[in-house]
Amino acid sequence: MEPMKPMKPMEPMKPMEPMKGAEPWWPQDLGSPASSGSQNGLRYAFFPDKHRLLVERDGKTTTYDSGDHRINGVQQQNGGSVSFASQNGTVDLASLKQVD
């Protein structure tokens, strides 16, 4: 039986790579959203300076004019209707104007 060899000294570890954040799913010209979130396969991002609310469902993104609403939360009903919390109370997505 061959005798045990001495252990090699430990080699220095490579520095950690910085973690990458999730890539934004909205157009870059809108900037950073004031609020965003997701629930049950739907996600939204709200851009108050541009008065825009983006909603992505089933891989399709739709843009809405948010008017004077400041969106800060999302709610979905069992029937599939979507509403958002704003400083004016609950806002139904169907009541917002869709824009191109």
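Residues numbered from 1 in each chain as written. Predicted model: local features only at pLDDT ≥ 70, side-chain atom pairs only at ≥ 80, totals over all residues. Heavy atoms only, no water.

K.L.:
Please clarify how the sheet that holds strand S5 (residues 73–76) should be interpreted in this entry.
P.N.:
Picture the strands of a sheet paired through backbone hydrogen bonds; they go either parallel or antiparallel. Taken together, 3 strands build an open sheet; the order of strands is S5-S6-S7 and the sheet is antiparallel. Lying at the two open borders of the sheet, with one neighbouring strand each, are S5 and strand S7 (89–92). When strand polarity is set aside, the average angle formed by the axes of neighbouring strands in this sheet is 30°. (Pairing = 2+ DSSP bridges. Helix = DSSP H or I, 4+ residues; strand = E, 2+ residues; numbered from the N terminus. Axes fitted to C-alpha atoms, helices over the stretch in contact; angles between N-to-C directions.)

K.L.:
How do you make sense of the pairing of strand S1 (residues 35–39) when you look at a structure like this?
P.N.:
Across 5 bridges, S1 lies against strand S2 (residues 42–47) in antiparallel orientation. Bridging from a neighbouring strand, Ser36 pairs with Ala45 of S2. Between the antiparallel neighbours S1 and S2 lie 2 residues, among them Asn40 with a positive phi of about 50°.

K.L.:
Honestly, the pairing of S2 in this entry has me stumped. Any pointers?
P.N.:
The buried count for S2 comes to 5 of 6 residues, which makes it a mostly enclosed element. One ladder, built from 6 bridges, connects S2 with strand S3 (residues 52–57); its direction is antiparallel. When the bridges of S3 are listed, Tyr44 appears paired with Val55. (Buried < 20%, exposed > 50% of the residue type's maximum accessible area, 1.4 Å probe, protein only.)

K.L.:
It is not clear to me how the sheet that holds S2 should be interpreted in this structure. Could you clarify?
P.N.:
Read from one edge to the other, the open sheet built from 5 strands follows the order S1-S2-S3-S4-S8, with strand pairing classed as antiparallel. Either end of the sheet is taken by a strand with one partner, and the two such strands are S1 and strand S8 (97–99). When strand polarity is set aside, the average angle formed by the axes of neighbouring strands in this sheet is 25°.

K.L.:
Looking at this model, I keep getting lost on the packing of aromatic side chains. Mind explaining?
P.N.:
Two measures describe an aromatic ring pair: the distance that separates the ring centres and the angle between the ring planes. With the rule as written, the count across this model stands at 3 aromatic pairs. Aromatic pair Trp26 and Phe47: ring centres 5.8 Å apart, planes at 65°, arrangement edge-to-face. Pair noted here: Trp26 is in the segment before S1 and Phe47 is in strand S2, with a separation of 21 residues, a long-range link. The two residues Trp26 and Phe47 agree in class, both being buried. Residues Tyr44 and Phe84 carry aromatic rings whose centres are separated by 5.3 Å and whose planes lie at 70° to one another, so their mutual orientation is edge-to-face. Remark: Phe84 occurs in strand S6 (residues 82–86) and Tyr44 occurs in strand S2; sequence separation between them is 40 residues. We note that Tyr44, like Phe84, is buried. Among the aromatic residues, those joined into a ring-pair cluster are Trp25, Trp26 and Phe47. (Phe/Tyr/Trp six-rings, centres within 6.5 Å; stacked < 30°, edge-to-face > 60°.)

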